[in-house]
Amino acid sequence: KLREVQATMRKHLVWNKAIWITETSMWSNGVDGLEGQRNYVIRDQTRAFCTGADNLFWFGIRQEYPADVLPLHRWLISIDHRADQAYDTYQRYASFVSGMTCRGAYPTAAANVEAYHFNNAADAQLYVLWSTDSKDHEVQLPAAAPVTVTRRDGGASQVTPQNGVATVRVERQGVYVTFNQ
């Protein structure tokens, strides 16, 4: 849909307008539960920003009604103003991409992996990757120095590159790979 909007803007020579996605969210009481909401945070945000969205707004960020009254549990802040559901995933994602520019999808050698490359003015590199099936996969990324691999829900490890390539394990829940050139 975003590409369709961009094409319409180009057709009408509209170059200087920001694109805002004003309603996006995923409920935690759906088929995939809280895990689905957490995965959606990373995937939806990454795909939108890397396709050219300037801002995204989580619809229903705050719980307005008790859980037994509202059928779709999509909030990230509880009715009593506490972090809830996928809030921590959302915050962690924001901390990784803050100040970064998406360079686009990263073509990986692994089938069933979706990957995006970001960097910033200081040449810090970030890759956001996830498996699109239920299996873990290995992905090779160009790196001259050790990289840090952080799981979606926390926990980090270092990977030392061999011959300019860092091989990282990519999970369904997603990982962040960071390093400086």
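See the structure shown above.
Residues numbered from 1 in each chain as written. Predicted model: local features only at pLDDT ≥ 70, side-chain atom pairs only at ≥ 80, totals over all residues. Heavy atoms only, no water.

Q: What should I look at first to understand the pattern of salt bridges in this one?
A: If charged atoms from side chains of opposite charge come close, those side chains can pair. Tallied over the entire structure, the rule returns ten salt bridges. A salt bridge links E64 to R62, with the nearest nitrogen and oxygen atoms 3.1 Å apart. Each member of the salt-bridge network shares a partner with another, and the members are D136, R151, R169 and E171. (Salt bridge = Lys/Arg side-chain N within 4 Å of Asp/Glu carboxyl O.)

Q: I tried to follow the nonpolar core on my own but got confused; where do I start?
A: In globular proteins that are soluble, nonpolar side chains generally tend to be buried together. Ranked by size, the top nonpolar core spans 19 residues in total, and within it V41, I42, Y93, F118, L126, V128 and Y176 carry the most contacts. Only α2 (33-51), α3 (87-97), β4 (113-119) and β5 (124-131) provide two or more residues apiece to this core. Discounting residues that sit within four places of it in the chain, I42 has contacts with T89, Y93, V128, W130, R152, Q173 and Y176. (Core = buried A, V, L, I, M, F, W, Y, C linked by side-chain atoms within 4.5 Å. Buried < 20%, exposed > 50% of the residue type's maximum accessible area, 1.4 Å probe, protein only. Helix = DSSP H or I, 4+ residues; strand = E, 2+ residues; numbered from the N terminus. Contact = heavy atoms within 4.5 Å.)

Q: I keep staring at the state of the cysteines and nothing clicks. Help me out?
A: Note on terminology: disulfide describes a covalent bond linking the sulfur atoms of two cysteines. Inspection of the entire model under this criterion finds one disulfide. Note on cysteine connectivity: C50 is disulfide-linked to C102, with sulfurs 1.9 Å apart. Residues C50 and C102 are joined through a disulfide that is right-handed, its torsion about the S-S bond being 105 degrees. In this pair, C50 sits in helix α2 while C102 sits in strand β3 (residues 101-105), placing the two residues 52 residues apart along the sequence. C102 shares its class with C50; the two are buried. (Disulfide = S-S within 2.5 Å.)

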